[in-house]
Amino acid sequence: MKEARYDLRQEKNGTWTVIDVVTRVPAASDGRDLTGLEHDDAKDIMDALNGDHLAGRKSPLV
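A brief report on the enclosed structure follows. Everything quoted here is computed from the prediction, not taken from an experiment.

About the cut-offs
- Residues numbered from 1 in each chain as written.
- Predicted model: local features only at pLDDT ≥ 70, side-chain atom pairs only at ≥ 80, totals over all residues.
- Heavy atoms only, no water.
- Salt bridge = Lys/Arg side-chain N within 4 Å of Asp/Glu carboxyl O.
- Buried < 20%, exposed > 50% of the residue type's maximum accessible area, 1.4 Å probe, protein only.
- Helix = DSSP H or I, 4+ residues; strand = E, 2+ residues; numbered from the N terminus.
- Pairing = 2+ DSSP bridges.

Overview of the pattern of salt bridges
Part 1 of the reasoning: Under the counting rule described, the total for this entry stands at four salt bridges.
Part 2 of the reasoning: The closest approach of N and O atoms between Arg-57 and Asp-52, which form a salt bridge, is 2.9 Å.
Part 3 of the reasoning: For Arg-57, a relative accessible area of 49% gives the class partly exposed.
Part 4 of the reasoning: With a relative accessible area of 12%, Asp-52 lands in the buried category.

Digging into the environment of Ala-55
Part 1 of the reasoning: When you line up the elements, Ala-55 lands in helix 1 (residues 39–55).
Part 2 of the reasoning: For Ala-55, a relative accessible area of 44% gives the class partly exposed.
Part 3 of the reasoning: Here the alpha-carbon distance between Ala-55 and Val-22, two residues 33 residues apart in the chain, equals 17 Å.

Notes on the pairing of strand 2 (residues 16–20)
Part 1 of the reasoning: Among the five residues of strand 2, five are classified as buried, and the element is accordingly described as predominantly covered.
Part 2 of the reasoning: Residues Trp-16, Val-18 and Asp-20 line one face of strand 2 and the alternating positions Thr-17 and Ile-19 line the opposite face, and both faces are buried.
Part 3 of the reasoning: Alignment of strand 1 (residues 6–10) against strand 2, held across five bridges, turns out to be antiparallel. Bridging across to strand 2, Asp-7 finds its partner in Ile-19.
Part 4 of the reasoning: Between strand 1 and the antiparallel strand that follows it, strand 2, lie five residues; Gly-14 among them carries a positive phi value of about 95°.
Part 5 of the reasoning: Of the strand pairs in this sheet, strand 2 and strand 3 (residues 25–26) are connected by two bridges, and their pairing is antiparallel. If you follow Ile-19 over to strand 3, its bridge partner there is Pro-26.
Part 6 of the reasoning: Here strand 2 folds back onto strand 3, and the loop between the two strands holds four residues, one of which, Arg-24, carries a positive phi near 65°.

This is the structure we're talking about:
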C-alpha cells in the first residue's frame, strides 16, 4: 500500500513548506519551491499532491 509522499514543515519565520518525504527537499511547482506558504495553503497543496500520489496519478502541481 502506498503511503503519503508529502508532508509539511514549519519554518523558523512561521511560514510553511511542502516537503517530499522521499527526497527530504521542498516539493516544487512550475520550478518554484513550495515554501513561504500560509498553513492553510500548504495543507491544501499537500493534500492535493498526496491524493494524486495515492491514486497513482501524475499531479499537475509538480
